[in-house]
Amino acid sequence: MAGEENILFHHAIRLGDDPLILAQRLSEWCGHAPMLEIDLALANIALDLFGQATHFLGLAGEVECKGRDADALAFHRDVLDFHNCLLVEQPNGDFAQTIARQFLFSNWQELLMHEIAAASELRLSAIGAKAVKEITYHARFANEWVVRLGDGTEESRARMIAGLEWMWRFTGELFDPVDGAASLKTEWDARIARTLAEAGLELPKPRRAAMGGRKGHHSEHLGHLLTEMQFLPRAYPGALW
Amino acid sequence: MNAAANVVSLKDRVLEILSHVPDPEIPCVSVVELGIVRDVRDSEKPTLVITPTYTGCPATIAIEQSIRAALDRAGLCGMTIETTLSPPWTTDWISEEGRDKLRAYGIAPPPKGEGQHSLRASIVQCPRCGSTHTEEISAFGSTPCKALYRCTECEEPFDLFKCH
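Asks: Would you explain unusual backbone geometry in this entry?
Replies: Residues apart from glycine generally show negative phi values, whereas peptide bonds are mostly found in trans. B:Pro87 follows B:Ser86 through a cis peptide bond whose omega is -5°. Structurally, B:Pro87 can be placed in the loop between β3 (80-83) and α3 (96-105). Although it is not a glycine, A:Cys65 sits at a positive phi angle of roughly 60°. Inspection of the secondary structure puts A:Cys65 in the loop between α2 (36-64) and α3 (70-75). Positive phi values are uncommon outside glycine, yet B:Glu155 reaches one of about 65°. Locating B:Glu155 in the fold gives a position in the loop between β6 (146-151) and β7 (157-161). What makes B:Glu155 exposed here is its relative accessible area of 64%.

Rendered as structure tokens:
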């Protein structure tokens, strides 16, 4: 690949790996969520994210010209070749921890997709413009649940705080000047602060950011997730429905 | 027949064929009424251009297969189906007829003109009794395109086709 294509390939891989891994995580709730409506909501969000991943990874495969499609990139890469951020691979924990992750991620992804939708590369911008509407809906869902849990009972509030505390250290990576989207930080901060204020919650205390996902250095959780996600196509290569 | 007349006739023919292809999840509306048929190009390589509703909607694959089968049955085996993402599909492209059919089927259609914002509809009308006294039960429903609502007047639950 030429330099420019190489950059586009890696860009598309990152943009596709984030929704892919988060969708796989959210799917773990299917059949286990606290209420039927939540089960439907998390599965629907996962479906949108799988769709976005298919488009971005499909583009990566197209640019790479080695005959790899979205499925090949999703199921036949090893853990070190995944470039998703650490936030999306974190375990679901309880419902509040899942909502904390969704809240921090969707608000970031929405801002990012507005930027992608305005990109000069037309295939990239088309996916961005398509995805941004779905993500707006996800962010709204997560924001509302942060308020509901934060401003709910003593227990829901305590769990929401604990969930945010757990996930907070993984947000620094999203705005890393080298591998992240530093320009989105101000707007993201404002959005997060607005919803937390509405929920009667304080911003988590600053922590040293955990980094490395964009370089393929992951937490141990990703390997376990991939083992499950990739089992079938690896055990039965070429399997079809 | 000149070339211009040819273009019109192929397009009309294809639209007529596709007006009998139902959406697999909401069979009361056709793929044409849903607004996912974007263009018919009559050239050396006749092409039908369609666009997905939601990026991950599993019906997208089923829709393409039904369209392929309908074209094949009509003798248009050589027609290529192309998928485009841009401009992104919006519920504003659902036809008036499609909206009426949704309502008759028990699904509240998305208010027109609000699709570009991906916001919840400002006023949702119960498809059964017509009351606007309705409330959301769940932001997500049985398919990616629907939310679950309840009418506080006639007390029936119903699906809303989400604004998108």
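From this point, the discussion proceeds with the structure in view.
Asks: I'm lost on the interface of chain B and chain A in this one. Help?
Replies: Counting from both sides, the interface comprises 26 residues of chain B and, opposite them, 22 residues of chain A. For the pairing of chain B and chain A, the buried interface totals around 2200 Å² over both sides, and the portion due to carbon and sulfur atoms is 62%. Taken together, chain B and chain A are joined by 0 salt bridges. Linking chain B to chain A there are 8 residue pairs in polar contact (both at pLDDT 80 or more).

Asks: Explain the pattern of salt bridges here, please?
Replies: Between side chains of opposite charge, a pair can form as their charged atoms come close. This model, assessed by the stated rule, comprises 21 salt bridges over all chains. Between A:Arg68 and A:Glu64 there is a salt bridge whose closest N-O contact spans 2.7 Å. Taking relative accessible area as the criterion, A:Glu64 reaches 6% and is therefore assigned buried. A salt bridge links B:Lys101 to B:Glu33; the shortest N-O distance between them is 2.6 Å. Remark: B:Glu33 occurs in the loop between α1 (3-18) and β1 (37-41) and B:Lys101 occurs in helix α3; sequence separation between them is 68 residues. We classify B:Lys101 as partly exposed; its relative accessible area is 32%. Judged by its relative accessible area of 8%, B:Glu33 is buried. One network of salt bridges, with partners in common, ties together A:Arg14, A:Asp179 and A:Lys215.

Asks: What am I meant to see in the environment of B:Leu15 here?
Replies: All names here are of chain B. Along the polypeptide, Leu15 turns up in helix α1. Its relative accessible area of 26% is what places Leu15 among the partly exposed residues. Between the C-alpha atom of Leu15 and that of Gly113, which follows or precedes it by 98 residues, the distance is 24 Å. With residues near it in sequence (within four places) discarded, Leu15 still touches Val32 and Val37.

Asks: Honestly, the packing of aromatic side chains in this entry has me stumped. Any pointers?
Replies: In this description, a pair of aromatic rings is defined by centroid distance and the angle of the planes. One pass over the structure, following the stated rule, counts 10 aromatic pairs over all chains. Residues A:Phe95 and A:Trp145 carry aromatic rings whose centres are separated by 5.1 Å and whose planes lie at 85° to one another, so their mutual orientation is edge-to-face. Within this pair, whereas A:Phe95 is found in helix α5 (residues 95-117), its partner A:Trp145 is found in helix α6 (residues 122-150), the two being separated by 50 residues in sequence. Each member of the pair, A:Phe95 as well as A:Trp145, is classed as buried. Judged by centre distance (5.2 Å) and plane angle (80°), the ring pair of A:Tyr137 and B:Phe140 falls under edge-to-face. Of this pair, A:Tyr137 sits in helix α6 while B:Phe140 sits in the loop between β5 (134-138) and β6, which puts the two residues in different chains. Under the relative-accessibility criterion, A:Tyr137 is labelled buried at 6%. For B:Phe140, a relative accessible area of 0% corresponds to the buried category. Connected via pairs of aromatic rings, a cluster forms that spans A:Trp29, A:Phe95 and A:Trp145. Its end group placed over the ring of A:Phe82, A:Arg77 keeps NZ or CZ at 4.2 Å from the ring centre. Directly above the ring of B:Trp93 sits B:Arg38, whose terminal nitrogen or CZ lies 3.5 Å from the centroid.

The rules behind the values
Residues numbered from 1 in each chain as written. Chains lettered and ligands numbered in written order. Predicted model: local features only at pLDDT ≥ 70, side-chain atom pairs only at ≥ 80, totals over all residues. Heavy atoms only, no water. Helix = DSSP H or I, 4+ residues; strand = E, 2+ residues; numbered from the N terminus. Buried < 20%, exposed > 50% of the residue type's maximum accessible area, 1.4 Å probe, protein only. Contact = heavy atoms within 4.5 Å. Buried area = accessible area lost by both parts, 1.4 Å probe. Salt bridge = Lys/Arg side-chain N within 4 Å of Asp/Glu carboxyl O. Polar contact = N/O pair within 3.5 Å; in protein donor to acceptor, adjacent residues only side chain to side chain. Phe/Tyr/Trp six-rings, centres within 6.5 Å; stacked < 30°, edge-to-face > 60°. Lys NZ or Arg CZ within 6 Å of the ring centre and 35° of its normal.

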